Amino acid sequence: MVRAADALLLLSFGGPERPEDVMPFLENVTRGRGVPRERLEEVAQHYLHFGGVSPINALNRDIIAAVEAELATAGIDLPVYFGNRNWSPMVEDTVARMAADGVRSALVFPTSAWGGYSGCLQYHEDITRARTAFGDEAPDLVKLRQYFDHPLLIEAFADAIRAAREELPADRRDGARLVFTAHSIPVSADTAAGPPADGGHLYSRQVAEAARLSAVATGFTDYDVVWQSRSGPPQVPWLDPDIVDHLDNLSAKNVDAVIVCPVGFVSDHLEVIWDLDNEAKEKAAELGMAFARAATPGTDPRFAQLVVELIDEQLNDTASRHLGEVPGYGCTLNGTPCAVGCCAPPKRPVTAGN
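Cut-off values and rules
- Residues numbered from 1 in each chain as written.
- Predicted model: local features only at pLDDT ≥ 70, side-chain atom pairs only at ≥ 80, totals over all residues.
- Heavy atoms only, no water.
- Axes fitted to C-alpha atoms, helices over the stretch in contact; angles between N-to-C directions.
- Helix = DSSP H or I, 4+ residues; strand = E, 2+ residues; numbered from the N terminus.
- Parallel < 35°, antiparallel > 145°, perpendicular 65-115°, else oblique.
- Left-handed = near helix turned anticlockwise from the far one by under 90°.
- Contact = heavy atoms within 4.5 Å.
- Nonpolar A, V, L, I, M, F, W, Y, C, P; charged D, E, K, R; others polar.
- Pairing = 2+ DSSP bridges.
- 1 Å grid on protein atoms, 1.4 Å probe; cavity = no way out; pocket = protein on both sides within 12 Å on 5 of 7 lines; lining within 4 Å.
- Points joined across faces, edges and corners; volume = space filled by probe spheres on them.
- Expected span 1.5 Å × (residues − 1).
- Core = buried A, V, L, I, M, F, W, Y, C linked by side-chain atoms within 4.5 Å.
- Buried < 20%, exposed > 50% of the residue type's maximum accessible area, 1.4 Å probe, protein only.
- Salt bridge = Lys/Arg side-chain N within 4 Å of Asp/Glu carboxyl O.

So, on to the packing of helix H3 (residues 56–74) against helix H11 (residues 301–316). The contact between H3 and H11 brings their axes to 8 Å, and the two run at 55°. Looking at the two axes, H3 sits oblique to H11. The chirality of how H3 crosses H11 is right-handed. Taken together, the residues of H11 that come into contact with H3 (itself represented by Ile63, Ala66, Val67, Glu70, Leu71 and Ala74) are Phe303, Ala304, Gln305, Val307, Val308 and Ile311. Broken down by class, the residue content of the contact of H3 with H11 amounts to ten nonpolar, one polar and one charged.

Have a look at this one:
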């Protein structure tokens, strides 16, 4: 394993930044999945609702700026590059630029904290594809580990939950229900997530563990873990319940206030602002339910500190910090999967929105 690095690559999902980018972007995301054109046009309206601009690229540039400042404070001399899977700047172009700049080895920070195909293995595939496109002289790339239970991530979520609770009417705070959400994936993809010897379901187990740790940190003894942003044909089972359906169920139990924490998301991706800040919030209003959404951690200063801690683990072989009991994997060279048979790709790869 490479223990030296010339650079850091922030690797993410990508998103359109102009209305004319929306359909080409969606075609990139769904290539090979057989998604009907009418479904793409429906999803395109979500982006066009916000002027055809996904917030993800701007948020990632903000993260990069914060990481650069944190690296400078820590005395670590690493230039930071930015590459995406599905839209400009494409990771293939970024790796070529890194090589032209003389980078021979780099660490890769993915904007997904999770295991599973979309959360981890697909990032390994991105690394392999980018290096193959450049050729034999491509830089060595080491993907940093999964960080779903890193103390700094949990602290950021916990503080966001506390702040969201304060947004609720004072007379409803004590009875507010804490609800965690993450991007749904097909049940078959979750079953295959993780090394076979670990029993599968790594993604949903990690989400549940991050939710548990965040709830404990904020003093909640009871809470729910639900899902959002499912797509695909209705006959294919996905992780459920969906957040909107769950609000109906809570209302039937006379719950009149909710705190929704998007524990499965690093930043306010389109799925967060559409599915939660629009659809779920509107459903809550329809039900007469007070609604507060916790912030995602990408804008929290501790997130950049987390990235630098992961870098320090790799460069200096320092001990990794974990809070949970569910295993995490990652930190492999040049696109090698975390373990033999780990997170086998589904027949039609799905995206987890990160």
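So, next bit.
Moving on, we come to the sheet that holds strand S8 (residues 290–293). What the four strands build is an open sheet, ordered S6-S5-S7-S8; its pairing is parallel. Two strands in the sheet have a free side with no partner beyond their single neighbour: strand S6 (224–228) and S8. Within the sheet, the average angular offset between the axes of one strand and its neighbour, ignoring direction, is 30°. One ladder, built from four bridges, connects strand S7 (residues 257–261) with S8; its direction is parallel. Looking at the pairing, valine 260 lines up with arginine 293 of S8. Set on the sheet, helix H6 (residues 151–167) makes contact with strand S5 (177–183), S7 and S8; between it and S7 the angle comes to about 155°. Docked against the sheet, helix H10 (residues 270–286) engages S5, S6, S7 and S8, running at close to 170° with respect to S8.

To continue, consider empty space enclosed by the protein. In this structure the tally under the stated criterion is two cavities of 30 Å³ or more. When its volume is computed, the second largest cavity comes out at roughly 30 Å³. Considering the residues around the second largest cavity, the lining is formed by Ala113, Trp114, Leu153, Phe157, Val263, Gly264, Phe265, Val266 and Pro297. When its residues are assigned to classes, the lining of the second largest cavity shows eight nonpolar, one polar and no charged.

Let us now look at helix H8 (residues 202–217). In a regular helix each residue adds 1.5 Å, so 16 residues correspond to 22 Å; H8 covers 22 Å between its end C-alpha atoms and thus fits that length. Residues of H8 that are buried in the fold lie against H6, S5, helix H7 (187–191) and S6. Looking one or two residues past H8, glycine 219 carries a phi angle of roughly 80°, positive in sign.

Next up on the list: the nonpolar core. Membership of the largest hydrophobic core comes to 65 residues, with the highest contact counts inside it found for Leu8, Phe109, Tyr147 and Tyr203. Core analysis: the second largest hydrophobic core is formed by 16 residues, Ile243, Val258, Val272 and Met289 among them.

Right, let's get into the pairing of S5. Among the seven residues that make up S5, seven are buried, leaving the element largely enclosed by the rest of the structure. Across four bridges, S5 lies against S7 in parallel orientation. Pairing of valine 179 across the sheet is with valine 260, part of S7. In the sheet, S5 pairs with S6 via five bridges, with the strands oriented parallel. Paired with threonine 181 across the two strands is valine 226, which belongs to S6.

Moving on to the sheet that holds strand S2 (residues 80–84). The strand order S2-S1-S3-S4-S9 describes an open sheet built from five strands, whose pairing is mixed. Single-partner strands in this sheet number two, and they are S2 and strand S9 (330–333). Across the sheet, the mean angle from the axis of one strand to that of its neighbour is 25°, orientation sign disregarded. Relative to strand S4 (residues 140–145), strand S3 (residues 105–110) is paired through four bridges, and the arrangement is parallel. Residue serine 105 lies in a different strand from S4, and its bridge partner there is aspartate 140. The strands touched by helix H5 (residues 117–134) within the sheet are strand S1 (7–12), S3, S4 and S9, with S4 carrying the most contacts at an inclination of about 170°. Sitting on the sheet, H11 is in contact with S1, S3, S4 and S9, with an inclination near 140° to S3.

This part takes up the pattern of salt bridges. Scanning the entire structure with this criterion turns up 27 salt bridges. The partner of aspartate 198 in a salt bridge is arginine 205, and the shortest N-O contact between them spans 3.4 Å. Notably, a salt bridge pairs lysine 283 with glutamate 286, separated by 3.2 Å at the nearest N-O pair. Residue lysine 283 and its partner glutamate 286 are located together in helix H10, separated by three residues, close to a single helical turn. What makes glutamate 286 exposed here is its relative accessible area of 60%. One salt-bridge network, in which partners are shared between bridges, spans Glu155, Asp159, Arg162, Asp300 and Arg302.

The next point concerns the packing of H6 against H8. One can describe the packing of H6 onto H8 by two numbers: an axis separation of 9 Å at closest approach and a directional angle of 55°. By the angle class used here, H6 and H8 are oblique. The hand of the H6/H8 crossing is right-handed. Facing Ile154, Phe157, Ala158, Ile161 and Arg162 of H6, the residues of H8 in contact are Ala210, Leu213, Ser214 and Ala217.

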